[in-house]
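Observations on the model geometry
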Amino acid sequence: MKKTNNIKSEELFKRAKELIPGGVNSPVRAFKGLDIDPPFIVRADGSKIYDEDGNEYIDYIGSYGPMILGHNSEIVNNKLKEQIDNSLSFGAPTRLEVEIAELIRSIVPSVEMIRMVNSGTEATMSALRVARGYTGRSKIVKFAGNYHGHGDCLLVQAGSGALTHGVPSSSGVPKSITDNTIVAEYNSIESVDNIFQEYGNDIAAVIMEPISGNMGVVPAAQEFMDYVRKITREYNSVLIIDEVMTGFRVALAGAQSLYKVEPDLTCFGKIIGGGLPVGAYGGKKQIMQCVAPLGSVYQAGTLSGNPLSMTAGITTLTYLKNNPKVYEELENKGQKLQKGIEKAIADFKIEATVNRVGSMVTLFFSKKKIENYGDAKKCNIEVFGKYFRAMLQHGIYLPPSQFETFFISQAHSEEDIENTIKAVRDVFSTI
Ligand SMILES: Cc1ncc(COP(=O)(O)O)c(C=O)c1O
């Protein structure tokens with residue numbers, strides 16, 4: 001549906017900006033740099049999302065990843081309604097926490113023990129603390145363009161060099177905190193090698209997105225992943241694979257199953273909460289036994305493992321486990337969308353390229369294939385802005401940044417994909 005007006009959204013955004021920094025509770029939602037105000041959303045159903053002004057969109061944000069079954073899933077919502085009748089939170093152990101731990105362990109074999117938290121940020125922060133506690137070392141390695149939430153020591157991006165010492169990319173983060181963060185270039189074996197040559201015995205952990213979704217979709221090359229696993233083993237550093245986005249998304253057992261890599265620790269979020277706040281970290285028993293109250297690494301949370309998030313998570317994961325066809329269908333829809341966009345790129349001679357893994361897709365406005373952060377940064381942001389605004393006008397709700405992933409859900413129909421390709425062709429004919 002073509003967008004009509006956005007009077008109510010504009011009014012709400014004005015009020016929001018008086019009270020909430022930038023009018024939003026997470027920065028990317030503000031549509032900064034895109035010269036339009038964000039629609040305010042009232043509800044969503046299946047593949048569609050609806051704003052305050054009565055506009056309907058095909059949604060490719062999916063709450064930034066969790067909504068793999070589509071919005072307003074009857075099976076998840078019905079379970080939640082039942083659970084609500086038992087009250088909302090107890091601050092005490094529940095059967096649900098045991099069940100989700102068993103379920104995740106049954107799907108992801110590298111996870112021998114797991115701790116639930118409330119967000120992906122908490123999961124990565126905690127995993128790093130555990131890695132440091134376990135190894136007794138201080139330094140961590142992250143990759144340029146990989147996002148692991150807003151924990152202080154991870155808020156570091158690289159300059160363009162292969163080996164860059166951490167410079168905070170947010171004010172409010174003391175340099176002393178990021179001094180122990182080393183930034184390596186994604187998909188560069190040489191960069192990782194240089195860092196290990198120099199600091200290897202001080203490196204507690206390497207944390208990586210196996211398929212980065214936070215510079216747009218950029219998968220690790222298989223040989224790069226294999227090398228990172230090999231060198232972390234050689235130096236007894238903990239390999240943390242951040243599957244907050246990719247877990248239960250690119251395959252039932254996540255990216256680690258696609259790469260056949262066994263991390264020491266894995267971080268989860270998004271899908272394991274079925275749309276409610278959640279995070280988790282888990283892995284080798286030997287390492288996880290360091291976590292309090294069993295071990296000396298302190299980590300806690302008032303609402304961790306809360307019954308509603310656990311219920312939504314268990315229901316979503318159980319559905320995915322029992323219906324492996326979902327991933328085949330997501331792959332088919334992803335392929336169809338990719339082919340349609342690529343044909344439009346060729347037909348309209350647009351300087352653009354598509355990266356995709358299963359249901360994670362990014363259209364980059366760059367002629368060159370995107371393999372790392374340096375490549376992604378060279379995209380034409382101005383053209384992206386034009387495309388994004390025009391797509392919204394055509395009723396397609398995409399992530400409002402060149403450096404984000406769009407997500408296809410089980411609820412997206414063939415018709416949704418066809419309509420999206422039509423919109424892309426319309427928009428390409430005008431930019
Ligand atoms: C790979 C990855 N790790 C961690 C996070 C942080 O998760 P949260 O926003 O739940 O704190 C994100 C969020 O998008 C993510 O994509």
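Fair warning: this is a prediction, and the values are worked out from it, not measured in the lab.

Calculation criteria
Within every chain, residues take consecutive numbers counted from 1 along the sequence as written. For this predicted model, a pLDDT threshold of at least 70 governs which residues receive local features, and a threshold of 80 or more governs which side-chain atom pairs are given and counted, while totals over whole chains, interfaces and linings are taken from all residues. Derived side-chain values reflect all non-hydrogen atoms in the structure, with water molecules and hydrogen atoms excluded from consideration. Domain limits in this description derive from either an automatic procedure or a database domain assignment. Only heavy atoms enter the contact rule, under which two residues are in contact if any of them lie within 4.5 Å. Put simply, buried area is how much 1.4 Å-probe accessible surface two parts lose in total, over both of them, once they are put together. Should a side-chain nitrogen of Lys or Arg be within 4 Å of a carboxyl oxygen of Asp or Glu, the pair is scored as a salt bridge. Counting of polar contacts relies on pairs of N or O atoms within 3.5 Å, with two restrictions inside protein: one atom must be capable of donating a hydrogen and the other of accepting it, and residues adjacent in sequence are counted only when both atoms are side-chain atoms. We count a stretch as a helix when DSSP gives it H or I for four or more residues in a row; a strand needs E for two or more, and each element gets its number in order from the N terminus. Throughout this description, buried means an accessible area under 20% of the type-specific maximum (1.4 Å probe, protein chains only), exposed means over 50%, and partly exposed covers the range between. Distances are taken per atom, and a residue is near a molecule or strand as soon as one of its heavy atoms is within 4 Å of it. Method for areas: the Shrake-Rupley scheme with a 1.4 Å probe, in which residue coverage is limited to the protein chains shown. For helices, the fitted line uses only the C-alpha atoms of the stretch in contact; every axis is such a line through C-alpha atoms, and the angle between N-to-C directions lies from 0 to 180 degrees. The cut-offs work like this: below 35 degrees is roughly parallel, past 145 is roughly antiparallel, 65 to 115 is roughly perpendicular, and the gaps in between are oblique. Whether a crossing is left-handed or right-handed is set by the direction in which the near helix is turned from the far one by less than a right angle, anticlockwise for left-handed and clockwise for right-handed. As a working rule, the residues Ala, Val, Leu, Ile, Met, Phe, Trp, Tyr, Cys and Pro are called nonpolar, Asp, Glu, Lys and Arg charged, and the rest polar, with Gly in that last group. UniProt positions are given in the numbering used here, feature names are shortened, and annotations may be inferred rather than shown by experiment. An expected span of 1.5 Å times one less than the residue number is assigned to each helix. Centre distance within 6.5 Å is the pairing criterion for rings of Phe, Tyr and Trp, where only the six-membered ring of Trp is used; planes under 30 degrees apart are then read as stacked, over 60 as edge-to-face, and the remainder as tilted. At least two DSSP bridges between two strands are needed for those strands to be called paired.

Things to note about the domain arrangement of the chain
Assigned domains within the chain: domain 1 (7-72 + 325-428) and domain 2 (74-322). Here the C-alpha centre of domain 2 lies 25 Å away from the C-alpha centre of domain 1. Of the residues lining the interface, 30 residues belong to domain 1; the matching set on domain 2 comes to 34 residues. In total, domain 1 and domain 2 occlude about 2500 Å² of area from one another, counting both sides; carbon and sulfur atoms represent 62% of this. The largest share of the area that domain 1 buries against domain 2 comes from Tyr327, Met360 and Tyr373, three residues that together contribute 27% of it. Run the count over domain 1 and domain 2 and you get zero salt bridges. Seen at the junction of domain 1 and domain 2, the total is 14 residue pairs in polar contact (both at pLDDT 80 or more). Secondary-structure elements contributing two or more residues to the side of domain 1 that touches domain 2 are helix H11 (325-347), strand S14 (353-357), strand S15 (360-364) and helix H12 (373-377).

Some details on the side chain of threonine 315
Here threonine 315 shows up in helix H10 (residues 307-322). Threonine 315 sits in the buried class, given a relative accessible area of 11%. When near neighbours in sequence (up to four residues on either side) are disregarded, threonine 315 contacts Ile75, Val76 and Lys79.

Side note on the environment of phenylalanine 406
One can find phenylalanine 406 in strand S17 (residues 406-407). Among the residues examined, phenylalanine 406 registers a relative accessible area of 6% and is labelled buried. Contacts of phenylalanine 406, omitting those with residues within four sequence positions, involve Tyr60, Leu337, Ile341, Ser359, Met360, Val361, Thr362, Leu363, Leu398 and Pro399.

Quick notes on the site of the ligand
All residues adjacent to the ligand are Ser119, Gly120, Thr121, Tyr147, His148, Gly149, Glu209, Asn214, Asp242, Val244, Met245 and Lys270. Here an oxygen atom of the ligand and a side-chain polar atom of asparagine 214 are 3.0 Å apart. At 2.8 Å, a side-chain N or O of lysine 270 approaches an oxygen atom of the ligand. Surface burial for the ligand is 82%, taken as the share of its 390 Å² of free accessible area covered by protein chains.

Concerning the packing of helix H3 (residues 95-107) against H10
Relative to each other, H3 and H10 sit at 30 degrees, their axes nearing to 9 Å. By the angle between their axes, H3 is roughly parallel relative to H10. Between H3 and H10 lies a crossing of left-handed hand. For the pair formed by H3 and H10, the contact residues are Leu96, Glu97, Glu99, Ile100, Leu103, Ile104, Ser106 and Ile107 on the first element and Pro307, Met310, Thr311, Gly313, Ile314, Leu317, Thr318 and Lys321 on the second. Its residues placed into classes, the contact of H3 with H10 shows nine nonpolar, four polar and three charged.

Examining the UniProt feature "modified residue: N6-(pyridoxal phosphate)lysine" (unreviewed entry) in the chain
Using the residue numbers shown here, the UniProt feature "modified residue: N6-(pyridoxal phosphate)lysine" (unreviewed entry) corresponds to Lys270. By the element assignment, lysine 270 lies in the loop between strand S12 (265-269) and strand S13 (279-283). The exposure class assigned to lysine 270 is partly exposed, which follows from its relative accessible area of 24%. Sequence-distant contacts of lysine 270, that is, excluding residues within four places in its chain, are made with Tyr64, Gly65, Pro66, Val244, Met245, Gly275 and Val278. There is a polar contact of 2.9 Å between the side chain of lysine 270 and the backbone oxygen of tyrosine 64.

A few points about helix H7 (residues 222-234)
Taking 1.5 Å of rise per residue, 13 residues should cover 18 Å, and H7 covers 18 Å from first to last C-alpha, within 8% of that figure. Those residues of H7 that fall on the buried side of the exposure criterion are Phe224, Met225, Tyr227, Val228, Arg229, Ile231 and Thr232. Among the structural elements, strand S5 (139-143), helix H6 (189-199), strand S8 (203-208), strand S11 (238-242) and helix H8 (255-259) are those in contact with the buried residues of H7. Asparagine 236 lies just past H7 and shows a positive phi near 55 degrees.

Some thoughts on the packing of aromatic side chains
A full pass over the atoms with the stated rule returns 15 aromatic pairs. Centroid distance phenylalanine 143 to tyrosine 186: 5.9 Å. Interplanar angle 70 degrees. Geometry classified as edge-to-face. Taken as a pair, phenylalanine 143 in strand S5 and tyrosine 186 in the loop between strand S7 (181-184) and H6 lie far apart in primary sequence, 43 residues in all. Across this residue pair, the class does not change: phenylalanine 143 and tyrosine 186 are buried. Between phenylalanine 143 and phenylalanine 224 the ring centres are 5.4 Å apart and the planes differ by 75 degrees, which places this aromatic pair in the edge-to-face class. One end of the pair, phenylalanine 143, is in strand S5; the other, phenylalanine 224, is in helix H7, with 81 residues separating them in the sequence. Given the relative accessible area of 1%, phenylalanine 224 is considered buried.

Here's the deal with the sheet that holds S17
Pairing is antiparallel across the open sheet formed by three strands, whose spatial order is S14-S15-S17. Two strands in the sheet have a free side with no partner beyond their single neighbour: S14 and S17. Pairing of S14 with S15 involves five bridges; the strand directions are antiparallel. Paired with valine 354 across the two strands is leucine 363, which belongs to S15.

A word on the environment of glutamate 112
Secondary-structure assignment places glutamate 112 in the loop between H3 and strand S4 (113-117). As for glutamate 112 and leucine 320, which are separated by 208 residues in sequence, their C-alpha atoms are 20 Å apart. Excluding its chain neighbours within four sequence positions, the residues that come into contact with glutamate 112 are Arg105, Gly283, Lys284 and Lys285. For glutamate 112, the side chain forms a polar contact with the main-chain nitrogen of lysine 285, separated by 2.8 Å.

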